[in-house]
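One-letter residues, chain by chain:
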Amino acid sequence: MLPSTLSFILFKFEFYIPVRLWNDPNMPIVLFLVVRSMGSSTSSLYSALANTISSPALSQPCVSGYSPNSDLDFHQDPVDPLGLLRECKEVLRDRPARLHRTFVQTGHWDSGQMQIRVMQWNVLAQALGEGMDSFVKCPLDALNWPERKYLILEEILTHKPDILCLQEVDHYFDMFQPILASLGYQSSFCPKPWSPCLDVENNNGPDGCALFFNHKRFQLINTTNLRLSAMMLKTNQVAIVATLRCQATRRAFCVAVTHLKARSGWEVLRSAQGSDLLLNLRNIAQSVGTEENGNSDVPMIVCGDFNAEPTEDVYRNFATSSLGLDSAYKHLSTDGKTEPPYTTWKIRPSGESCHTLDYVWYSHTAFHVHAVLDFPTPEQIGPNRLPSYNYPSDHLSLVCDLGFKDLKPVC
């Protein structure tokens, strides 16, 4: 076995901490297992990650929800991203070559302009992938966590996002947070109140949304965790809204990540959840704008798995909202008005499912879209579709480079 960072992190059970995930006395209390690393390794990368993982994992819940680890551990030893990427490739050396994707420049870009790389990705919860989603053409061995986590990390390390928005994260505490913190990312996590992962035997806890940003480029002003409502009733879907300030330009903007209700037949609920999110975004923008010298025009970036095709009401509501949002991936089309033909492609017992469900929305009056990462062709994806031995999720990542229209200093 390779003397690698992730495969050699061992744990010893210590104790459980009861935590109520939301400030609601009717919600269940979840027991979080606190662990510490044990054993030794010559890997400096292991040592850095072990120090992070053995540090306290929980902080006080915020008013709007549960926001653990929003503070970066600045005492943690930094990890070389290129070294970790090489480790990923070494562990995955027996797997097929990864899907080939390239960035497509969407217009003239001045190299002196500030650029923000945003990555949106439903990473596929491990418990769901192995226990509930029934990918009939995907060998179970392709989903084994000891290797799949390297595929996920490789995708992130390859594209080096400044802002990373993830859904279906069920390994936040033992993988995403400690490793990405060692790479300089600050983060927040918001679990679903009743995650379907908890119904899977040997699960790793609830899945939810996670938002990461490069703390060297951005300063966190505020984080709001939302449990989305529909028709005045709380639902099982969540969102995170972070207000960030660019360290170089001092410009404030908001980033949101969400994951709306899945499956056909729930279009009305998705529309209501989207409307609730838009309302909250407007309120947050107004609050931030008041603090930012009375400027109500606070730029927005909204990422998510909306589980909705462009024909649904929730898509139209975002496209026509007063926030002035546009979808970055329309820039891949020849007319600049059409979404990609798919962002997810899988085969389940009910048949083949090929849909456009994932989006990166941005304030078109504030941001340019400089480039977007293209999608692999059907031939590259292969007849068994996703996930697979060479791609870890049933959703493809969306990556785009944005820049402020009125600012040129490099952030």
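First things first, this report covers the structure right here in the doc.

In this section: the overall build of the protein. In terms of regular secondary structure, the protein is built from 8 helices and 17 strands. Considering only contacts within the protein whose residues lie at least 6 apart along the sequence, 75% involve residues at least 24 apart.

Our next topic: the sheet that holds strand β15 (residues 358–363). The strand order across the open sheet formed by 6 strands is β8-β9-β10-β11-β15-β12, and the pairing between neighbours is mixed. Two strands bound the open sheet, and with one partner strand each, they are β8 (218–230) and β12 (325–327). Averaged over all adjacent pairs, the angle separating strand axes in this sheet is 20°, with direction ignored. In this sheet, strand β11 (residues 300–305) lies alongside strand β10 (residues 252–259) in parallel orientation, the contact comprising 6 bridges.

A separate point is the sheet that holds strand β16 (residues 367–373). Taking strand neighbours across the sheet as the criterion, the 7 strands line up as β3-β16-β17-β4-β5-β7-β6 in an open arrangement whose pairing is mixed. The outermost strands of the open sheet, each flanked by one partner alone, are β3 (103–105) and β6 (185–191). For this sheet, the mean inter-axis angle between neighbouring strands, taken without regard to orientation, is 20°. Examined bridge by bridge, β3 and β16 share 3 bridges and lie antiparallel to one another. Across the sheet, residue phenylalanine 103 finds its bridge partner in β16, namely leucine 373. Sheet contacts for helix α4 (residues 145–159): β3, β4 (116–122), β5 (163–169), β16 and β17 (398–404); angle to β4, the most-contacted strand, approximately 160°. Sheet contacts for helix α5 (residues 172–182): β5, β6 and β7 (208–214); angle to β6, the most-contacted strand, approximately 160°.

This model, assessed by the stated rule, comprises 18 aromatic pairs. Here phenylalanine 218 and phenylalanine 253 contribute two aromatic rings whose centre-to-centre distance is 5.6 Å and whose plane-to-plane angle is 80°, an arrangement assigned as edge-to-face. Placement of phenylalanine 218 in strand β8 and of phenylalanine 253 in strand β10 is noted, with a sequence separation of 35 residues between them. What makes phenylalanine 218 buried here is its relative accessible area of 1%.

Moving on to the pattern of salt bridges. Evaluation of the coordinates by the stated rule reveals 16 salt bridges. Notably, a salt bridge pairs lysine 192 with aspartate 207, separated by 3.1 Å at the nearest N-O pair. Remark: aspartate 207 occurs in the loop between β6 and β7 and lysine 192 occurs in the loop between β6 and β7; sequence separation between them is 15 residues. Residues arginine 270 and glutamate 267 are paired through a salt bridge, measuring 3.8 Å at the closest nitrogen-oxygen approach. Highlighted residues: arginine 270 and glutamate 267, both in helix α6 (residues 267–291), separated by 3 residues, approximately one helical turn. The class of arginine 270 is buried, set by a relative accessible area of 2%. Given the relative accessible area of 33%, glutamate 267 is considered partly exposed. What emerges from the salt-bridge pattern is a single network uniting Lys89, Arg98 and Glu154.

Right, let's get into the packing of helix α2 (residues 81–91) against α4. Close contact between α2 and α4 brings their axes to 9 Å; oriented N to C, the two are set at 140°. Here α2 lies oblique to α4, going by the angle between them. In this structure, α2 meets α4 at a crossing whose hand is left-handed. The residues of α4 that touch α2, namely those facing Pro81, Leu84, Leu85, Glu87, Cys88, Lys89 and Val91, are Tyr150, Leu153, Glu154, Leu157 and Thr158. Tallied by class, residues from the contact of α2 with α4 come to 8 nonpolar, 1 polar and 3 charged.

Along the chain, the position of aspartate 406 falls in the segment after β17. A relative accessible area of 55% means that aspartate 406 is categorised as exposed. Spatially, the C-alpha atoms of aspartate 406 and threonine 365 are 9.7 Å apart, while their sequence positions differ by 41 residues.

Where burial is concerned, most of β17 is hidden: 7 out of the 7 residues are buried. Of the two faces of β17, the one carrying Leu398, Cys400, Leu402 and Phe404 and the one carrying Val399, Asp401 and Gly403 are both buried. Where β4 meets β17, 5 bridges bridge the pair, whose relative direction is antiparallel. Looking at β17, one finds that arginine 117 is bridged to aspartate 401. One ladder, built from 5 bridges, connects β16 with β17; its direction is antiparallel. Note that in β17 the partner of valine 369 across the bridge is leucine 402.

Take the side chain of arginine 385 next. Tracing the chain through its elements places arginine 385 in the loop between α8 (378–381) and β17. On the basis of relative accessibility, which here comes to 14%, the residue arginine 385 falls in the buried class. A polar contact is formed between the side chain of arginine 385 and the backbone oxygen of proline 378, at a distance of 3.4 Å. At 2.8 Å, the side chain of arginine 385 and the backbone oxygen of glycine 382 are in polar contact.

Moving on, we get to α5. Counting buried residues in α5 gives 9 out of 11 residues, a clear majority hidden from the surface. If you check which residues of α5 are buried, you get Tyr172, Met175, Phe176, Gln177, Pro178, Ile179, Leu180, Ala181 and Ser182. Phi turns positive, to about 100°, at glycine 184, one or two residues after α5.

Thresholds, definitions, all that
Residues numbered from 1 in each chain as written. Predicted model: local features only at pLDDT ≥ 70, side-chain atom pairs only at ≥ 80, totals over all residues. Heavy atoms only, no water. Helix = DSSP H or I, 4+ residues; strand = E, 2+ residues; numbered from the N terminus. Contact = heavy atoms within 4.5 Å. Pairing = 2+ DSSP bridges. Axes fitted to C-alpha atoms, helices over the stretch in contact; angles between N-to-C directions. Phe/Tyr/Trp six-rings, centres within 6.5 Å; stacked < 30°, edge-to-face > 60°. Buried < 20%, exposed > 50% of the residue type's maximum accessible area, 1.4 Å probe, protein only. Salt bridge = Lys/Arg side-chain N within 4 Å of Asp/Glu carboxyl O. Parallel < 35°, antiparallel > 145°, perpendicular 65-115°, else oblique. Left-handed = near helix turned anticlockwise from the far one by under 90°. Nonpolar A, V, L, I, M, F, W, Y, C, P; charged D, E, K, R; others polar. Polar contact = N/O pair within 3.5 Å; in protein donor to acceptor, adjacent residues only side chain to side chain.

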